[in-house]
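What follows is each chain in one-letter form.
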Number of protein chains: 2
Amino acid sequence: MMTRWTDSPSQKMDRFYAHEVIGRNSGCELAASLAAAIVTPAAVLAAYLNVTDTREPTVHAFVHLDRAAFLDAPKAAGPLAGLPVGIKDIADVAGMPTQCGSPIYRGHMPSGDAPVVSMIRRAGGIIAGKTVTTEFATRQPGPTTNPLNPTLTPGGSSSGSAAGVAAGMFPFAIGTQTAGSVIRPAAFCGIAALKPTFGFFPYAGIKATAWHLDTVGLFGQTVRDVAFFAEAISGHSLAVATAPEWKPRLGIMPTQAWDECSAAMMEAVDLATRRAKQQGATVEHIRVDPVFEAAYAAHFVIQDYEIACSLAYEFDRFEHLLSPILHETIRTGREITGDRYAEALQERRDARRASVGLFKDIDVLLAPSAPGAAPSGLASTGSPNLNRLGTQLGMPCVNVPGLADAAGMPLGIQILGPIGADALVLGAAAWLEDVLNG
Amino acid sequence: MMTRWTDSPSQKMDRFYAHEVIGRNSGCELAASLAAAIVTPAAVLAAYLNVTDTREPTVHAFVHLDRAAFLDAPKAAGPLAGLPVGIKDIADVAGMPTQCGSPIYRGHMPSGDAPVVSMIRRAGGIIAGKTVTTEFATRQPGPTTNPLNPTLTPGGSSSGSAAGVAAGMFPFAIGTQTAGSVIRPAAFCGIAALKPTFGFFPYAGIKATAWHLDTVGLFGQTVRDVAFFAEAISGHSLAVATAPEWKPRLGIMPTQAWDECSAAMMEAVDLATRRAKQQGATVEHIRVDPVFEAAYAAHFVIQDYEIACSLAYEFDRFEHLLSPILHETIRTGREITGDRYAEALQERRDARRASVGLFKDIDVLLAPSAPGAAPSGLASTGSPNLNRLGTQLGMPCVNVPGLADAAGMPLGIQILGPIGADALVLGAAAWLEDVLNG
């Protein structure tokens, strides 16, 4: 049975604490209320701090919370003025440690803000603190729990950013995706996220994992929140404004990775597709060109080879401080030859070129965001396999919340589109979100 | 009159000092002698330190020289064992300050090595020190002079890396190119350089300028040196090994930027083309597709917009410590709208896709590396306009030394090839170098 995850008990609890000021408003609605002076920044920030104080002991979203930022009067004007933003703890924020989920960087103070953090400040955003990341944004989890059920993983590697938004501690957060580290935790926590076109936001000042793949992504409660947040930071026209009669042309391309999906996840994809059709979308089933399966396989090669390069200094000097799982990843990466890596990059380029043709007769692809709902336990953050191809191709991807399994745990649907068509993907995702929640 | 720049007086002077050990051997020849134990690392390092001590007071290649590195016994084995390497001072090296040519970062100690620096160490390379960069790798010059004539610019922004290799202080160095900051200084100093395919080496741990363009590049005395150095760091098969009978199919595509070339530069291109033909190369003249001129114009937009983002923290907190010329660049960048920037990125993508078709009937393009020889004075590092398109398209580019103007100053020829075809470009450039010096 499909239920709306927003009816789950923990959501209701969050709403109780934040109700007085935040109410049922999502981030972009609050921004509008702030701009219209219907609420004050001080009241909004106090409400978010209230939720944080209540939920943090269970959720563990923060590795560093800047309480003063919630209590100071906002300094900068802009679309995000008065709204707190969580920053994944691999991105530098002036005056806060960047610890990368690793003892190697315990207490490490950066020399300044990562450019994307400065851009958030310029838009008026309040930096709430640093959110939990897995070790160097790879596989060893941090302490964060799923806000909907603390016995489940929130997903990773952007665990704290996703969980914090889902728990209502802050309306917006940034994370990074190298395989599935933005879309997957958003799916597991039942919120929206954008993994934009590769290179959309600057990655500078953020600890690198794999430089052909690393992408800054955004979290918000709804797709419209994420679009608003992306526009506020970037200045690109992204806020969703599709004509009411517009219907997306959807493509369904079940790659090999879909074989890992649970029955509930496949049911969710079917339901989303059926409802979209009922609302006037067209749906085309697409046979998978082998070039995309090759690019999927090449993702593992590029990721592991580049992790071994990116963390060369840490491996060569602080090998004993790496987790066994990261140690193994680096060992795997170092066994890949330069020539196999070069071949994988060529497979990536071939698939990126072929991806242009994918969108001749469709607007966007619809796919599962993860193999299923959040798995049990905190020892793993789940599989990113459903996200590898979108990351490899550099395509914009949006997680659309709204569906859930029989236990009430979210099942994420992702919308993917052509490289550079971030506005289109956000528009189609917002349309689908309305359909799923309508 | 065309003469060989290697006959210039200052080159003879360098050779005098280094003669005893280094002799006329280039970097890869010395590496072979070291591997065969014909010379000792200690002797080679002492010889390079000797040259450095003699030339540095005039050339000013170093912002930080690690004398101890020249005197210690090499720690790591590998193809670069015993050979000193210069590192542009925007890249992090553990234990040395990263100052970025800016008072904002005076004395700033990084948290570790940039990944590419660790990769050089793993190949046995000795980090000689940090080389002079223009301010944040943009336009405000540092103190470096051209080793061939101290009244001329060495080019920039990788000024110290190019000048140090040309002066014989170290056989190899790394720089970065966002517009023309590797190929241009190599051309002005009469050495070889590789600006590889975008993303070939990790850019992490290096101060960003414009993230769609920033590329780590390499300097060496000859094209074979650069190929050897690139293979040593990356593990890709790159060392030049074309069959003796192989002849490149060259393309000549005179874009609008060629209008800036001096008569001597155009004569050098003609001479290179004629000699290549005489040696059996085919030469095809190619009409410029407007998509490439649009991408050229878009380079300025992307560069300035992204500089303004990359240096947002420095601008917002330390505006008074920026040079007037950088201040103006950032102001220009901040006036570009997000939507114009997004359009420029689309123009870039369109041209990158079109560039695949460019190489249907040719192997590589041959073009001027700069508008002419190094201009007079140290107030400007010269124009990067001849390099913008290659950087914008992410194509591998190699500067081929060998030609000079009537005053004996080098005129660089660049070879450009398809994205990912770094080995092919190095092979064609080495072939041309043999032709020009034969």
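What counts and how
Residues numbered from 1 in each chain as written. Chains lettered and ligands numbered in written order. Predicted model: local features only at pLDDT ≥ 70, side-chain atom pairs only at ≥ 80, totals over all residues. Helix = DSSP H or I, 4+ residues; strand = E, 2+ residues; numbered from the N terminus. Buried ≥ 20, exposed ≤ 12 C-beta atoms within 10 Å, placed from the backbone. Contact = placed C-beta atoms within 7 Å. Core = buried A, V, L, I, M, F, W, Y, C linked by C-beta atoms within 7 Å. Nonpolar A, V, L, I, M, F, W, Y, C, P; charged D, E, K, R; others polar. Pairing = 2+ DSSP bridges. Axes fitted to C-alpha atoms, helices over the stretch in contact; angles between N-to-C directions. Right-handed = clockwise from strand over helix to strand, strands pointing away. Least-squares fit on C-alpha atoms with pLDDT ≥ 70 in both. Domains from an automatic or database assignment. Parallel < 35°, antiparallel > 145°, perpendicular 65-115°, else oblique. Expected span 1.5 Å × (residues − 1). Arc of directions from axis to C-beta. pLDDT = per-residue confidence, 0-100.

Once that is clear, we can look at the overall build of chain A. Assigned secondary structure in chain A consists of 15 helices and 11 strands. Judged by the C-alpha coordinates and their principal axes, chain A covers about 60 × 55 × 40 Å. When burial is assessed residue by residue, chain A has 63% of its 438 residues classed as buried. Considering only contacts in chain A between residues 6 or more positions apart, those separated by 24 or more positions represent 78%.

In this structure, A:Val398 and B:Val398 are the most contacted members of the largest nonpolar core, which totals 285 residues. Those residues in contact with A:Val398 that lie beyond four places of it in its chain are A:Ala192, A:Ala193, A:Leu194, A:Val223, A:Val226, A:Gln414, A:Ile415, A:Val425, A:Leu426 and A:Ala429.

A separate point is the interface of chain A and chain B. Between chain A and chain B, the residue contacts involve 35 residues of the former and 35 residues of the latter. Residue assignment for the side of chain A that touches chain B shows that the elements contributing at least two residues are helix H5 (115-122), helix H10 (290-310), helix H11 (312-318) and helix H13 (338-358) of chain A. Here the side of chain A that touches chain B is built from residues that sort into 14 nonpolar, 15 polar and 6 charged.

What follows is about the sheet that holds strand E4 (residues 172-177) of chain B. All names here are of chain B. Sheet architecture is open: 11 strands sit in the order E1-E3-E2-E4-E6-E5-E10-E11-E9-E7-E8, paired in mixed fashion. Every other strand in the sheet has two partners, leaving strand E1 (62-65) and strand E8 (282-285) as the edge strands with one partner each. Across the sheet, the mean angle from the axis of one strand to that of its neighbour is 30°, orientation sign disregarded. As defined by bridge partners, strand E7 (residues 249-252) adjoins E8 across 4 bridges and the pair is classed as parallel. Looking at E8, one finds that Leu250 is bridged to Val283. Each of E1, strand E2 (84-88), strand E3 (126-131), E4 and strand E6 (215-220) touches helix H6 (residues 159-166); the most contacted strand, E4, lies at about 150° to it.

What follows is about the pairing of strand E3 (residues 126-131) of chain A. Residue and element names in this part refer to chain A. Across the 6 residues of E3, 6 count as buried, placing the element largely inside the fold. Summarising the sheet, strand E2 (residues 84-88) and E3 pair through 5 bridges and their orientation is parallel. Following the sheet pairing, Ile87 is matched in E3 by Lys130. Once you follow E2 into H5 and on to E3, the crossover reads as right-handed.

Take the environment of A:Thr337 next. Note on placement: A:Thr337 falls in the loop between helix H12 (324-334) and H13. C-alpha separation for the pair A:Thr337 and A:Val301, spaced 36 residues apart in sequence, amounts to 9.7 Å.

The next point concerns the relation of the copies chain A and chain B. Turning chain A through 180° and shifting it by 0.0 Å along the axis lays it on chain B, with an RMSD of 0.0 Å. Such a combination of turn and shift is consistent with a two-fold rotation axis.

Residue and element names in this part refer to chain A. On the basis of which strands lie adjacent, the open sheet formed by 11 strands has the order E1-E3-E2-E4-E6-E5-E10-E11-E9-E7-E8 and mixed pairing. At either margin of the open sheet sits one strand with a lone partner, and together these are strand E1 (62-65) and strand E8 (282-285). The average angle at which neighbouring strand axes cross in this sheet is 30°, direction not considered.

This part covers the domain arrangement of chain A. Residue and element names in this part refer to chain A. The domains assigned to chain A are domain 1 (5-283 + 359-437) and domain 2 (287-358). Look at where the C-alpha atoms of domain 1 and domain 2 centre, and you get two points 25 Å apart. Between domain 1 and domain 2, the contact holds 31 residues from the first and 28 residues from the second. Residues belonging to the side of domain 1 that touches domain 2 are distributed by class as follows: 16 nonpolar, 11 polar and 4 charged.

This brings us to the pairing of E2(A). All names here are of chain A. Most of E2 sits out of view: 5 of its 5 residues are buried. Direction of pairing for E2 relative to strand E4 (residues 172-177): parallel, over a ladder of 3 bridges. Considered in E4, the bridge of Gly86 is made with Ala173.

A few words on H5(A). Residues and elements named next belong to chain A. Of all the 8 residues making up H5, 8 are buried; the element is thus mostly covered by neighbouring parts of the structure. Those residues of H5 that fall on the buried side of the exposure criterion are Pro115, Val116, Val117, Ser118, Met119, Ile120, Arg121 and Arg122. Positive backbone phi, at 95°, marks Gly124, one or two positions downstream of H5.

Residues and elements named next belong to chain A. It is at 7 Å that the axes of helix H2 (residues 27-35) and helix H8 (residues 223-234) come closest, and there the two elements cross at 60°. Here H8 runs oblique to H2, going by the angle between their axes. Of the residues in H8, those touching H2 at Gly27, Cys28 and Ala31 are Arg224, Asp225, Phe228 and Phe229. When its residues are assigned to classes, the contact of H2 with H8 shows 4 nonpolar, 1 polar and 2 charged.

Here we take up helix H9 (residues 263-278) of chain B. Residue and element names in this part refer to chain B. For H9, with 16 residues, the first-to-last C-alpha span of 22 Å sits near the 22 Å given by 1.5 Å per residue. All of the buried residues in H9 are Met265, Ala268, Val269, Ala272 and Ala276. Along the long axis of H9, the arc covered by the buried residues comes to 100°, so they all point the same way. Away from the buried face of H9 by more than 90 degrees, exposed residues Ala263, Asp270, Arg274 and Gln278 are located. Residues of H9 that are buried make contact with E7, E8, strand E9 (364-368), strand E10 (397-404), strand E11 (410-416) and helix H15 (422-437).

As a further point, take the confidence of the model for chain A. Residue and element names in this part refer to chain A. The pLDDT averaged across chain A works out to 93; a share of 94% of its residues lies at or above 70. Confidence drops under a pLDDT of 50 for residues 1-19, and excluding neighbours within four residues, the segment shows 33 contacts in the predicted structure. Two numbers describe this predicted complex: its pTM, 0.95, and its ipTM, 0.94.

Let us look at the packing of H9(B) against H15(B). Each pair of packed helices gets described by two things: the angle between the helix axes and the distance between those axes. All names here are of chain B. Remark: H9 packs on H15, axes separated minimally by 10 Å, with the N-to-C direction vectors making an angle of 100°. Judged on the interaxial angle alone, H15 and H9 are roughly perpendicular. Counted together, Ala272, Arg275 and Ala276 of H9 and Leu432, Val435 and Leu436 of H15 form the full contact between these two elements. Split by residue class, the contact of H9 with H15 holds 5 nonpolar, no polar and 1 charged.

Residue and element names in this part refer to chain B. Relative to the helices and strands, Leu424 resides in helix H15. Leu424 gets classed as partly exposed once you count the C-beta atoms within 10 Å, which come to 18. Sequence separation between Leu424 and Val364 is 60 residues, and the spatial gap between their C-alpha atoms is 8.1 Å. Excluding anything up to four places from it in sequence, Leu424 contacts Asp363, Val364 and Gly417.

Right, let's get into unusual backbone geometry. Trans peptide bonds make up the majority, and among non-glycine residues the majority have a negative phi. Residues and elements named next belong to chain A. Following Gly156, the chain continues into Ser157 via a peptide bond in cis, with omega recorded as 5°. Positive phi is not limited to glycine here, since Cys100 has a value of about 55°. Of note, Cys100 is situated in the loop between E2 and H5. For Cys100, a count of 26 C-beta atoms within 10 Å translates into the label buried.

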